[in-house]
Amino acid sequence: MDFRINRGFDIALAGKPVTDITDVAPSATVAVFPLEFEGIRQRLMVSEGDEVRQGAILIEDKTNEAFKLRAPAGGQITSIVRGARRFVEEIIIAVDTNAEAERFQSFSAEALQSLDRKTILDQLTTTGYLSLIRQRPFSRMANPNTRPKSIFVNAMNTGPFQVDAETAVGDDPSAFQAGLDLLTRLTEGDVHLCIGETAADTLNQAQRVTLHRFSGPHPAGNTSIHIDRVSPMKPTDTVWTIKAADLVGIGRLFLDGALPPHRIVSLGGPSVKPEARRHYRIRTGGDLATLLDSALNEGEHRVINGDVLSGTRIERKFHLHFHQSAITGIPADRERYFMGWTMPGLQQMSFTRTFASTWLPGKRDWDLGTNMHGEVRALVLTGHYDKVMPLNIMVDFLIRAVMAGDTDEAIALGILETDPEDFALCDVICPSKVEVQDIIRQGLQMIEEEGI
Amino acid sequence: MKFILKLHDSIRHHFKRGGKFEHVGPIFDAADAFTFTPLEETHLGAHVRDAVDIKRVMVTVIYALMPCFLFGVWNAGHHYNLAHAVANASFIQDMIRGLIIVMPIVFVSYAVGGFWEVLFACVRKHPINEGLLVSGFLFPLVLPPTIPLWQVAVGVSFGIVIGKEIFGGTGMNIVNPALLCRAFIFFAYAKSMTGNVWIASAGDVVADAVTGATPLGVLSSLTDGQTAADAIAGGQVNFMRMFIGIEPGSIGETSTLACLIGAAMLLASGIASWRIMTACVLGLVSSAALANAFGASPMAQTPAHYHLVAGGFAFGTVFMATDPVSAAATNAGKWIYGFLIGVLVIIVRILNAGYPEGVMLAILFMNLMAPLIDSFVVDHHIRRRRKRA
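As the structure is a computational prediction, the values presented were derived from the model and not from experiment.

Chemist: How should the overall build of chain A be read in this particular structure?
Modeler: Scanning chain A for helices and strands turns up twelve helices and 20 strands. Taking the principal axes of the C-alpha coordinates as reference, chain A spans close to 65 × 50 × 50 Å. Considering only contacts within chain A whose residues lie at least 6 apart along the sequence, 69% involve residues at least 24 apart. Summing over all exposed atoms, chain A offers an accessible surface of approximately 17800 Å²; the carbon and sulfur share of this is 48%.

Given below as structure tokens:
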């Protein structure tokens, strides 16, 4: 089916990565960030100085001992960084290319199509790759004990900038199809593959799934929108979701019986040199420092794990995260504009038409930085947010309910159908500079703790 | 301009907590943010943000008010000169006279309103809110040019303190502060707002040729047997004159044309709600048509398009009803809210013999109803969601 999304807003951020893939020289170190895997209780299985094989167990979940975090490459553990409450924040391994790899079960492409659910989930759990499959509501790691109503595969992206699904899938189409075949074994319902209207053949020819085409401005590529249009969730439903680029990794894991050695990552944004704005094949958990040193412009920048809308800032840990498939660099913008409240504003990006730049013809790309462009003011219920919200959600009233701690009202208003990323544009366009995503995140957390 | 920035940076610490002048910190912050956009970086949520902020929004509203203001200045001067039989007063003479009449009112409104805003900001330690820029400018424009300045001061004090600050400042208020200021004067000093107050004059030298009555005043006080049609045919009320706004009335409200220019600016910049404006017009036109069909009084017989250009309807619709803080927030709510404003305007105009203008009360009343309307709309939304599930 084709779906056209009308509400939304495309931020024309400068620095879109081209779809070419460049190989990055394998880095000398790899890292694992256990805090990425939220909800697990760490039991550290190694200590500094240990020699480990690729796929060796580093950390095991105390509450579900089948769930392990494994070494993305073999070598010697050089440091284990602990943070608040002694949680392990980072495990760094000096890579030894001669080290042997741990083997897992491997299957032929045909055998995958009839694999039983338990075998698949066991292998996903013991490798930690289960964490690539997310579960709604609450966007947590899929719980292997639930049976999802359906599974949504997101093979498009409309925000600035995520890894290009076509590029990642096109790099290894057979692994992608293998991943899809595995998903069909995990649900009694459908596997929905959501693609953009101009998607390439590799996506269009996907087998044994239901194809849906989405078009329109961001957030047309968000999974919540896909779920809402294709098969809306009831409060008691569970739906699993996964990104196409991540599914390639899962497919590879089952075809090869070994942890995928690398993944495709996009690098873009105004701070990235034009020739470096592209896709890269990077060692899983690999060091990014060398790449970023040569790719970033002069000056001070913010490096973001993910996109500018919902990504998280990386301060110093320049290793690839397990869930990371995009890196964005934007300039640290502390410019103070003289009389910004009245100057015509030829260099200002705005969803409103209050700046001269918004009246100029032609499309242009914006070198947006970290400037807030204003101070926090009282939240006023105006309906302004609804202009960028294609879901049937009254954003103002939802965030008011969350702020008031009224979880019943928030659920009634549909918070369980959403993910904080769906509210990223509300953050962007709010003249009062209200942190809408953060409010929604708190609301979901509150409900998860209290129970529905 | 860098030297101003350097100066600010060099004295900033005095105004921070623990500094010598921390009590007046909000004043420094406001001045600082006035000259340069505030220094703040994103730290949560989206990493890049829209360039628009509340200051920019408020200032855009001020610009949209400029046509009404400038026309109002000219109109006040023009009618003064007519009343004093200044023969063939030039445009410049009218403007200068108008400025002499209007500027003190604007000045008092901003000065006294600003005083309260700053006082509350300093005492309650919140930033000085930009809302005053608009409220302090809207208020003079809905006053008659003859208003005593002390009443302006009292009115704006009441509106800002009781209407806004005690609720927590801009964004927390329930009704439109500028309209509340006016309502206060309307009820407390009724003599200043009724009768022959619409033309500024010195003493009682008003020339005979000028009645000083607003079109609505004319329509509501026609002698027995005279109908609205007679008044129109006789030229006592004239559509084009009312549309352009060369009529006695509150300073900024007489010209529908100027209001339309302002509305175009607000809608084009994406700031005001077209739903509210459209709904107000629909409400007024439909209820006026209903009144035309069944009513008997001259006011009820006045055609809808005269109602559109009469009194403060255009001004109220464009600038007052659309105030996002006090208006309804849901899309359906905006239609209901606006429509009922239009209906109430007609009801007050037709049924209220004492005072023929209903826009102020209609909007204030619907301000109070807006949360209720939104609550119904949200309930309906929740019920529909449940059905879908």
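Chemist: Would you mind showing me how to read helix H12 (residues 436–450) of chain A here?
Modeler: Since the α-helix turns once every 3.6 residues, residues separated by three or four places project in the same direction. Residue and element names in this part refer to chain A. Compared with an ideal rise of 1.5 Å per residue, which puts 15 residues at 21 Å, H12 spans 21 Å between its outermost C-alpha atoms and is within 8% of the ideal. Where H12 is concerned, the buried positions are Val 436, Gln 437, Asp 438, Ile 439, Ile 440, Gly 443, Leu 444 and Ile 447. Against helix H9 (395–403), helix H10 (407–412) and helix H11 (424–429) lie the buried residues of H12.

Chemist: Sorry if this is basic, but what is going on with the sheet that holds strand S7 (residues 68–70) of chain A here?
Modeler: Consider a sheet: its strands pair through backbone hydrogen bonds, and that pairing is either parallel or antiparallel. All names here are of chain A. Across the sheet, which stays open at both edges, the three strands sit in the order S4-S6-S7 with antiparallel pairing between neighbours. Of all strands in the sheet, those with a lone pairing partner are strand S4 (42–44) and S7, marking the two edges. Across the sheet, the mean angle separating the axes of adjacent strands is 25 degrees when strand polarity is ignored. Sheet analysis places S4 next to strand S6 (residues 57–61), joined by three bridges and oriented antiparallel. In the sheet register, Gln 42 faces S6, and the bridge partner there is Asp 61.

Chemist: Would you take a moment to explain the domain arrangement of chain A for this structure?
Modeler: Interface size, as often reported, equals the accessible area lost upon joining of the parts. Residues and elements named next belong to chain A. Here chain A is partitioned into domain 1 (29–95), domain 2 (105–256) and domain 3 (375–450). A separation of 27 Å is found between the C-alpha centroids of domain 2 and domain 3. Taken together, the contact between domain 2 and domain 3 spans 15 residues of the former and 13 residues of the latter. Both sides together, the interface formed by domain 2 and domain 3 hides about 1400 Å², and carbon and sulfur atoms give 55% of it. Residue Glu 448 pairs with Arg 140 through a salt bridge whose shortest N-O separation is 3.1 Å. Applying the counting criterion to the domain 2 and domain 3 interface returns five residue pairs in polar contact (both at pLDDT 80 or more). With five residues, helix H6 (residues 223–230) is the single largest residue contributor to the side of domain 2 that touches domain 3. Of the residues that constitute the side of domain 2 that touches domain 3, the class distribution is six nonpolar, five polar and four charged.

Chemist: When you look at the interface of chain B and chain A in this model, what are you seeing that I'm missing?
Modeler: Across the contact, 60 residues belong to chain B and 74 residues belong to chain A. With both chains or domains summed, chain B and chain A bury close to 5800 Å², and 55% of this area falls on carbon and sulfur atoms. In terms of surface lost to chain A, no three residues of chain B exceed His 47, Arg 49 and Arg 56 of chain B, which account for 14% of the buried area on that side. Note that Arg 385 of chain B and Glu 417 of chain A form a salt bridge whose closest N and O atoms lie 2.4 Å from each other. Here chain B is connected to chain A by 24 residue pairs in polar contact (both at pLDDT 80 or more). Among the secondary structure elements, those contributing two or more residues to the side of chain B that touches chain A are helix H1 (2–15), helix H2 (25–35), helix H3 (54–83), helix H16 (331–351) and helix H17 (359–388) of chain B. The element contributing the most residues to the side of chain B that touches chain A is H17 of chain B, with nine residues. Its residues placed into classes, the side of chain B that touches chain A shows 28 nonpolar, 15 polar and 17 charged.

Chemist: What is the right way to look at the sheet that holds strand S2 (residues 21–23) of chain A in this model?
Modeler: Residue and element names in this part refer to chain A. In spatial order, the strands read S2-S17-S16-S20-S18-S19; together these six strands make up an open sheet with mixed pairing. The sheet is open, and its two borders are formed by S2 and strand S19 (312–314), each paired with just one other strand. For this sheet, the mean inter-axis angle between neighbouring strands, taken without regard to orientation, is 35 degrees. The pairing of strand S18 (residues 301–305) with strand S20 (residues 326–331) spans five bridges and is classified as antiparallel. In the strand pairing of S20, Arg 302 is matched with Ile 330.

Chemist: Looking at this structure, how should I read the packing of aromatic side chains?
Modeler: The description of an aromatic ring pair uses the distance of the two centres, along with the angle that the planes make with each other. Within the structure shown, the criterion is met by 18 aromatic pairs over all chains. Seen from their ring centres, Phe 37 of chain A and Phe 322 of chain A are 5.2 Å apart, and the 40 degrees between their planes marks the pair as tilted. Residue Phe 37 of chain A is found in the loop between strand S3 (29–32) and S4, and its partner Phe 322 of chain A is found in the loop between S19 and S20; the two are separated by 285 residues along the sequence. Take Phe 37 of chain A and Phe 322 of chain A: they sit in the same class, and that class is buried. Aromatic side chains Trp 274 of chain B and Trp 335 of chain B sit 5.7 Å apart centroid to centroid with 80 degrees between the ring planes, which places their arrangement in the edge-to-face category. Here the residue Trp 274 of chain B occupies a position in helix H12 (residues 274–294), and Trp 335 of chain B occupies one in helix H16, the gap between them amounting to 61 residues. Owing to a relative accessible area of 46%, Trp 274 of chain B belongs among the partly exposed residues under this scheme. A relative accessible area of 32% means that Trp 335 of chain B is categorised as partly exposed. Taken together, the ring pairs in this structure connect Phe 37, Phe 67, Tyr 129 and Phe 322 of chain A into an aromatic cluster. One Lys or Arg, Arg 353 of chain A, reaches over the ring of Trp 359 of chain A and ends 4.5 Å from the middle of that ring. Over the ring of Phe 355 of chain A we find Arg 56 of chain B, and its NZ or CZ is 4.0 Å from the ring centre.

Chemist: Could you clarify how one ought to interpret the confidence of the model for chain B in this entry?
Modeler: Do not read the fine detail of predicted coordinates wherever pLDDT is low. Residue and element names in this part refer to chain B. On average, residues of chain B score 86 in pLDDT, and 95% of them reach the 70 mark or higher. Every residue in residues 205–209 scores below 50 in pLDDT, and together they form six contacts with partners more than four places removed in sequence or on other chains. Interface confidence in the predicted complex, given as ipTM, is 0.90; pTM for the same model is 0.90.

Chemist: Where do I start with unusual backbone geometry in this structure?
Modeler: All names here are of chain A. Cis geometry is found at the peptide bond from Arg 136 to Pro 137, where omega equals -5 degrees. Following the sequence through the fold, Pro 137 ends up in the loop between strand S10 (134–136) and strand S11 (140–141). In this structure, the amide linkage connecting His 218 to the following residue, Pro 219, adopts the cis form with an omega of 10 degrees. Along the chain, Pro 219 falls in the loop between strand S14 (210–215) and H6. Unusually for a residue other than glycine, Arg 86 sits at a positive phi of about 65 degrees. Looking at the secondary structure, you find Arg 86 in the loop between strand S8 (75–82) and strand S9 (88–95). By relative accessible area, Arg 86 is classed as exposed at 57%. Even without glycine at this site, Arg 208 takes up a positive phi of about 60 degrees. Tracing the sequence through the fold places Arg 208 in the loop between helix H5 (201–204) and S14.

Chemist: Hey, could you run me through the pattern of salt bridges in this one?
Modeler: Two side chains of opposite charge can pair, provided their charged atoms sit close to one another. All names here are of chain A. This structure, assessed with the given rule, holds 26 salt bridges over all chains. Two residues, Lys 149 and Asp 237, come together in a salt bridge whose shortest N-O distance is 3.1 Å. With Lys 149 in the loop between S11 and strand S12 (150–155) and Asp 237 in the loop between H6 and strand S15 (239–243), the pair connects residues that are 88 residues apart, well separated along the chain. A relative accessible area of 31% means that Lys 149 is categorised as partly exposed. A relative accessible area of 12% means that Asp 237 is categorised as buried. The partner of Arg 263 in a salt bridge is Asp 246, and the shortest N-O contact between them spans 2.8 Å.

Chemist: Looking at this structure, I do not really get the domain arrangement of chain B. What am I missing?
Modeler: Residue and element names in this part refer to chain B. One can read the domain layout of chain B as domain 1 (2–35), domain 2 (54–194) and domain 3 (218–379). Spacing between the C-alpha centres of domain 2 and domain 3 amounts to 21 Å. Listed by partner, the interface residues are 39 residues for domain 2 and 33 residues for domain 3. Carbon and sulfur atoms make up 77% of the area that domain 2 and domain 3 hide from each other, which totals about 2900 Å². A per-residue breakdown of the area domain 2 buries against domain 3 is headed by Cys 68, Phe 71 and Leu 179, which together make up 18% of the total.

Chemist: Mind showing me how you'd approach helix H4 (residues 173–184) of chain A here?
Modeler: Residue and element names in this part refer to chain A. Between its first and last C-alpha atoms H4 spans 17 Å; for twelve residues at 1.5 Å apiece the expected length is 16 Å, and the two agree. Among the twelve residues in H4, nine count as buried, and that is most of the element. Buried within H4 we find Ala 175, Phe 176, Gln 177, Ala 178, Gly 179, Leu 180, Asp 181, Leu 182 and Leu 183.

What counts, and where the lines are drawn
- Residues numbered from 1 in each chain as written.
- Chains lettered and ligands numbered in written order.
- Predicted model: local features only at pLDDT ≥ 70, side-chain atom pairs only at ≥ 80, totals over all residues.
- Heavy atoms only, no water.
- Helix = DSSP H or I, 4+ residues; strand = E, 2+ residues; numbered from the N terminus.
- Contact = heavy atoms within 4.5 Å.
- Areas by Shrake-Rupley, 256 points an atom, 1.4 Å probe, with all protein chains shown as cover.
- Expected span 1.5 Å × (residues − 1).
- Buried < 20%, exposed > 50% of the residue type's maximum accessible area, 1.4 Å probe, protein only.
- Pairing = 2+ DSSP bridges.
- Axes fitted to C-alpha atoms, helices over the stretch in contact; angles between N-to-C directions.
- Domains from an automatic or database assignment.
- Buried area = accessible area lost by both parts, 1.4 Å probe.
- Salt bridge = Lys/Arg side-chain N within 4 Å of Asp/Glu carboxyl O.
- Polar contact = N/O pair within 3.5 Å; in protein donor to acceptor, adjacent residues only side chain to side chain.
- Nonpolar A, V, L, I, M, F, W, Y, C, P; charged D, E, K, R; others polar.
- Phe/Tyr/Trp six-rings, centres within 6.5 Å; stacked < 30°, edge-to-face > 60°.
- Lys NZ or Arg CZ within 6 Å of the ring centre and 35° of its normal.
- pLDDT = per-residue confidence, 0-100.

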